[in-house]
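# Coordinate inspection notes
Chain by chain, the residues:
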Amino acid sequence: MPENNEILVVNGNGPLHGRVKVSGAKNSALPILAACLLGTEDIILEEVPKLKDVEIMIEVLKSLGSEVEYLDETTLKINSKNLNSYETPFELMDKMRASFVVMGPLLARFNKTKTKSPGGCNIGKRPIDLHLKGFSALNAKTIQNHDEISAIAEDGLKGSVVYLDFPSVGATQNIMMAATMAKGLTTIENAAKEPEIVDLSNFLSKLGAKIKGAGTSTIMIEGVDKLTGTTHSIIPDRIEAATYMLAAAMTKGDIVIENVIASHIRPIIAKLIEVGCIIEESEDDDVIRVKADKRLKGTSIKTLPYPGFPTDVQAQFMALMTVCEGESLVKETVFENRFMHVDQLKKMGAFVVTEGNEAAILGVDKLKGADVKATDLRAGAALVMAGLVAEGETRISDIYHIDRGYSDIVSKFSNLGAKIKRIKVE
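Definitions and cut-offs
Residues numbered from 1 in each chain as written. Predicted model: local features only at pLDDT ≥ 70, side-chain atom pairs only at ≥ 80, totals over all residues. Heavy atoms only, no water. Salt bridge = Lys/Arg side-chain N within 4 Å of Asp/Glu carboxyl O. Helix = DSSP H or I, 4+ residues; strand = E, 2+ residues; numbered from the N terminus. Patch = residues over 30% accessible without salt bridge, like charges linked within 9 Å, V, L, I, M, F, W, Y side chains within 5 Å. Areas by Shrake-Rupley, 256 points an atom, 1.4 Å probe, with all protein chains shown as cover. Buried < 20%, exposed > 50% of the residue type's maximum accessible area, 1.4 Å probe, protein only. Contact = heavy atoms within 4.5 Å. pLDDT = per-residue confidence, 0-100. Pairing = 2+ DSSP bridges. Axes fitted to C-alpha atoms, helices over the stretch in contact; angles between N-to-C directions. Parallel < 35°, antiparallel > 145°, perpendicular 65-115°, else oblique. Nonpolar A, V, L, I, M, F, W, Y, C, P; charged D, E, K, R; others polar. Disulfide = S-S within 2.5 Å.

### Considering the pattern of salt bridges
Using the criterion set out here, one finds 24 salt bridges in the structure. A salt bridge links E148 to K114, with the nearest nitrogen and oxygen atoms 3.8 Å apart. Separated by 34 residues along the polypeptide, E148 in the loop between β7 (141–144) and β8 (149–152) and K114 in strand β6 (residues 112–115) bring together distant segments of the chain.

If you want it as structure tokens, here you go:
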């Protein structure tokens, strides 16, 4: 990942107030963009978030022969009728791990695909063996060495039963897409249940795929001969919504969050109520108000696959815990290297002790501004939140991580009253 010569400068200045609209979900947009490779007619995607990762995925689609154009800031028109390559360019794969999900659709279109080992956030092992195991079950021969990954189905893809040892979101998505045009029935057992899986399934169904069971641990896909076009709106980003909810709590603020699906963030809502926040949900389920008018209490969280507490909110919740009253505990069960933000929070005066996959946090009265580094995407968001309540100035570097997952983060926080700006440094 190239060095970025911009930093975020955050100054603590009291409670956040106002309204913020959540963008489309990054973790839904990327696989759905990949799935556009399956369609042979025009596809219109709405609520596409403005993110670095989305830009890279669009580059991937264009490199494979798709026509992609923006109709407005968040609407894309994509046509993949004339795909001309089954090889993902190595330099794009290196920039973003999620580009690996193009393998499934390319395998479905060409019966072969080739790429290199993926890049992305360094938050621990995210092996691709489950993806390849799925492709093998669908009658593809897979090859993986230190720099190249390929799959080829000389006799075409054939439906099968695929059992996932872990409910991997990426593997579930990749296998679903490959199976859409495989001969016969494919059953994915121990599938991931995330809302983003359901969104992908709904999109594929609109293209003409036959899928049942998305959102449960068993997904069944009956292969079809071809997929067409559609119009689809990406679901709201539950991780972005959770980040702004936690920022309201941490700054003792009062924020109304728009374009949010409350049922997707039940663990966050439950924990915020537990620590002392007031949460108001609207009747129509797309607006949530979060208020905190006092110092919040410590709690414990344990990350789990959906519908458990999301690993993608662990860093932000830990930031909140650093200023809660008493002791808090975090147990990370999804990624083994997801405490890289701890050392950065300690620079700001946080009291955190880690052992293995557990962290104990003793709340302090005040954090202090410091020069810190966004070690990964969600760690970056946690440091922004910490900066909002710290005494003095916090300067956050390596913010390309943050830009990968948060659309317009500076303007959204500024509109809530935060003192935050992006500056260029030598």
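### Remarks on a nonpolar patch on the surface
Side chains of F351, V353 and L362 sit close together on the surface and give an oily, nonpolar patch of about 270 Å² of accessible area. Mapped onto the fold, V353 is located in strand β19 (residues 351–355).

### Here we look at helix α4 (residues 103–110)
Most of α4 is tucked away, with six of its eight residues classed as buried. Of all the residues in α4, the buried ones are M103, G104, P105, L106, L107 and A108. Residues of α4 that are buried make contact with α1 (26–35), β6, α5 (129–137), β8 and α6 (169–179). Directly after α4, the chain includes N111, whose backbone phi takes a positive value near 65 degrees.

### A few points about the confidence of the model for the protein
Scored by pLDDT, the protein has a mean of 95; 97% of the residues are at 70 or more. Summarising per-element confidence for the protein, the mean pLDDT is lowest in helix α3 (residues 90–95) (84) and highest in strand β3 (residues 43–46) (99).

### So, unusual backbone geometry
Y306 connects to P307 through a cis peptide bond whose omega is 10 degrees. Take P307: it is sitting in the loop between β17 (300–302) and α10 (314–321). The phi torsion at N139 lies on the positive side, around 80 degrees, for a residue other than glycine. For N139, the location among the structural elements is in the loop between α5 and β7. For D398, which is not a glycine, the phi torsion comes out positive at approximately 55 degrees.

### Thoughts on the sheet that holds β19
An order of β17-β18-β20-β19 is seen for the four strands of this open sheet, with the pairing classed as mixed. The open sheet has two edge strands, β17 and β19, and neither has a second partner. The sheet shows a mean angle of 15 degrees between the axes of neighbouring strands, taken without regard to direction. Of the strand pairs in this sheet, β19 and strand β20 (residues 358–362) are connected by five bridges, and their pairing is antiparallel. Each residue of the ladder has a partner; that of V352, found in β20, is I361. The sheet contacts of α10 involve β17, β18 (327–331), β19 and β20, and relative to β18 the element is tilted by about 170 degrees.

### Some points on the packing of α1 against helix α2 (residues 52–63)
One way to put it is that α1 packs onto α2 with a least axis distance of 10 Å and a crossing angle of 5 degrees. With respect to α2, the element α1 is oriented roughly parallel. Residues K26, A29, L30, L33 and A34 of α1 pack against D53, V54, M57 and L61 of α2. Of the residues in the contact of α1 with α2, the class split is seven nonpolar, no polar and two charged.

### Looking at the pairing of strand β5 (residues 75–79)
Summarising burial for β5: four of the five residues are buried, a large majority. Taken together, the three bridges between β3 and β5 define a ladder with antiparallel strand orientation. Opposite I44, over in β5, you have K77 as the bridge partner. The sheet contact formed by strand β4 (residues 67–72) and β5 spans five bridges and is antiparallel. Residue E69 lies in a different strand from β5, and its bridge partner there is K77. Taken together, β4 and the strand that follows it, β5, pair antiparallel across an intervening segment of two residues.

### Looking at the state of the cysteines
Evaluation of the coordinates by the stated rule reveals zero disulfides. No disulfide involves C277; its sulfur sits 8.3 Å from that of C324, the nearest cysteine.

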